Amino acid sequence: MTSALHTSTLTSLPLLARGKVRDNYAVGSDRILMVATDRLSAFDVIMGEPIPGKGELLTQMSLFWFGKLAHLCPNHLTGELPDSVVSSSELGQVLGRSMLVKRLRPIPVEAVVRGYLVGSGWKEYQQSGTVCGVALPPGLTNAAQLAQPIYTPAAKAAAGEHDENIRYERTVEMVGADLAARIRDTSIALYREAAAIALRKGLIIADTKFEFGLDEADRLVLMDEVLTPDSSRYWPVEGYDEAAARGDNPPSYDKQFVRDWLEQVRINGKPWDKTPPAPRLPQEVIEKTAAKYREALERLTG
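Scope of this entry: the structure provided in the associated data block. (Residues numbered from 1 in each chain as written. Predicted model: local features only at pLDDT ≥ 70, side-chain atom pairs only at ≥ 80, totals over all residues. Heavy atoms only, no water.)

Examining the overall build of the protein
Working step 1: Across its full length, the protein holds 8 helices and 18 strands.
Working step 2: The C-alpha radius of gyration of the protein comes to 19 Å, within 12% of the 19 Å expected for a compact globule of 302 residues.
Working step 3: Burial status across the protein gives 52% buried among its 302 residues.
Working step 4: For the protein, long-range pairs separated by at least 24 residues make up 66% of all intrachain contacts whose partners lie at least 6 apart in sequence. (Helix = DSSP H or I, 4+ residues; strand = E, 2+ residues; numbered from the N terminus. Rg over C-alpha atoms; globule rule 2.2 N^0.38 Å. Buried < 20%, exposed > 50% of the residue type's maximum accessible area, 1.4 Å probe, protein only. Contact = heavy atoms within 4.5 Å.)

A few points about the nonpolar core
Working step 1: Ranked by internal contacts, the top residues of the largest apolar core, which has 65 residues, are Met47, Trp65, Phe210, Phe212, Leu227, Tyr234 and Leu281.
Working step 2: In terms of residue count, the dominant contributor to this core is helix α5 (residues 177-200) (9 residues).
Working step 3: The contacts of Leu227, once residues within four sequence positions are left out, are Met61, Trp65, Leu69, Ala194, Ile205, Thr208, Phe210, Ser232 and Tyr234.
Working step 4: In terms of nonpolar packing, the next biggest core, distinct from the first, is built from 11 residues, Leu5, Leu10, Tyr25 and Val86 among them. (Core = buried A, V, L, I, M, F, W, Y, C linked by side-chain atoms within 4.5 Å.)

With respect to the packing of aromatic side chains
Working step 1: One pass over the full model with this rule turns up 8 aromatic pairs.
Working step 2: Ring centres of Phe64 and Trp65 lie 5.1 Å apart, and the angle between their planes is 80°; this geometry places the pair in the edge-to-face category.
Working step 3: Take Trp65: its relative accessible area is 0%, and that puts it in the buried class.
Working step 4: Measuring from centroid to centroid gives 5.7 Å for Trp235 and Tyr240, while their planes differ by 20°, and the two rings are stacked. By the burial criterion, Trp235 is buried, and Tyr240 matches it.
Working step 5: Through a chain of ring-to-ring contacts, three or more aromatic side chains come together here, namely Tyr116, Trp235 and Tyr240.
Working step 6: Above the plane of the ring of Phe43 lies Lys274, whose end atom (NZ or CZ) is 4.4 Å from the centre. (Phe/Tyr/Trp six-rings, centres within 6.5 Å; stacked < 30°, edge-to-face > 60°. Lys NZ or Arg CZ within 6 Å of the ring centre and 35° of its normal.)

With respect to the side chain of Thr130
Working step 1: Structurally, Thr130 can be placed in strand β9 (residues 130-131).
Working step 2: Side-chain polar atoms of Thr130 contact the side chain of Glu124, separated by 2.8 Å.
Working step 3: Those residues in contact with Thr130 that lie beyond four places of it in its chain are Gly121, Glu124, Tyr125 and Ala135. (Polar contact = N/O pair within 3.5 Å; in protein donor to acceptor, adjacent residues only side chain to side chain.)

Concerning the pairing of strand β14 (residues 203-214)
Working step 1: Burial runs high along β14: 11 of the 12 residues are buried.
Working step 2: Two strands pair when backbone bridges link them, and strand β7 (residues 105-106) and β14 are joined in this way by 2 bridges, in the antiparallel orientation. Residue pairing across strands places Arg105 opposite Leu214, the latter belonging to β14.
Working step 3: Relative to β14, strand β8 (residues 109-116) runs antiparallel, the two being bridged by 4 bridges. The residue bridging Val113 from the neighbouring strand is Thr208, located in β14.
Working step 4: One ladder, built from 4 bridges, connects β14 with strand β15 (residues 220-223); its direction is antiparallel. Bridged to Glu211 within β15 is Met223. (Pairing = 2+ DSSP bridges.)

Considering the layout of surface pockets
Working step 1: Looking at the second largest pocket, its volume works out to about 210 Å³.
Working step 2: Listing elements by their share of the lining of the second largest pocket, those giving two or more residues are β8, β11 (145-151), α5 and β14.
Working step 3: Grouping the constituent residues of the lining of the second largest pocket by class yields 11 nonpolar, 3 polar and 1 charged. (1 Å grid on protein atoms, 1.4 Å probe; cavity = no way out; pocket = protein on both sides within 12 Å on 5 of 7 lines; lining within 4 Å. Points joined across faces, edges and corners; volume = space filled by probe spheres on them. Nonpolar A, V, L, I, M, F, W, Y, C, P; charged D, E, K, R; others polar.)

Describing the pairing of strand β2 (residues 22-27)
Side chains on a regular strand alternate between the two faces of the sheet.
Working step 1: Taken across its 6 residues, β2 has 6 buried, putting it largely inside the fold.
Working step 2: Alternating positions in β2 separate into two faces, Arg22, Asn24 and Ala26 on one and Asp23, Tyr25 and Val27 on the other, with burial throughout.
Working step 3: Counting the residues that bridge the hairpin from strand β1 (residues 15-18) to β2 gives 3 residues.
Working step 4: Strand direction decides the pairing type here: β2 and strand β3 (residues 31-36), joined by 6 bridges, are antiparallel. Along β3, the bridge assignment pairs Asn24 with Met34.
Working step 5: The antiparallel hairpin formed by β2 and β3 contains 3 residues in its connecting segment, where Gly28 sits at a positive phi of about 65°.

The structure is reproduced here in structure tokens:
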């Protein structure tokens, strides 16, 4: 692994935006260079310490899934090499962690698919028996597998804000009935296929979120990252049954390790209030998180 990259500093291309993890640069008017940094965000706050190798792992994982799912939905990859659009002195910042992608009209809907009841979905279910307005049968427990995957969209929030769970009807108001249905049906198909592939490798994908854009022909195109531990909950099959039987969260390959540490950390005797600045991550938490991401990719592609 190369040294960690918290923030890229390319000068050969104009910076479009910095997200929680990705720095996006304009390549002409029709393409974007997406650089996956080693930044980590938890509770929508970016941590001060990077996770070494994370950007490369996320990029390799996205490329793996774009390849596996291309028959279900076109994606934003151009097939061109990222190192062809930056100066030679900047190669170290892009090699292995970048994608050169088509510029699309982004759709402001986070397409969330849940195959298991956990996280914010479990919280809502306990109060109302629903997840994002989708009624579920009574008597389900935390981490239970759902009879069918459910589509529970969210509205994209501005940087630093929390994405907001919304009802499907709201997405129809936002983008129209035809496109809302296309996003829903495509997302569920992508999740079903990916979950089946992952399960053969001993991994459960509990939930995930997809992002889509439209190309010049108004085709729906899968974009951003796909099925990484940043956008999905990955659980190893070992230990799942026991945890679910207890109603506990199963061990996971995502940021849960960092979240758990942040939940119990005390600053001047008080819990962290989940606003910047984030507490400093101890080296042990950084290393364990990096190892989790690495293990998920190795299991999936091994």
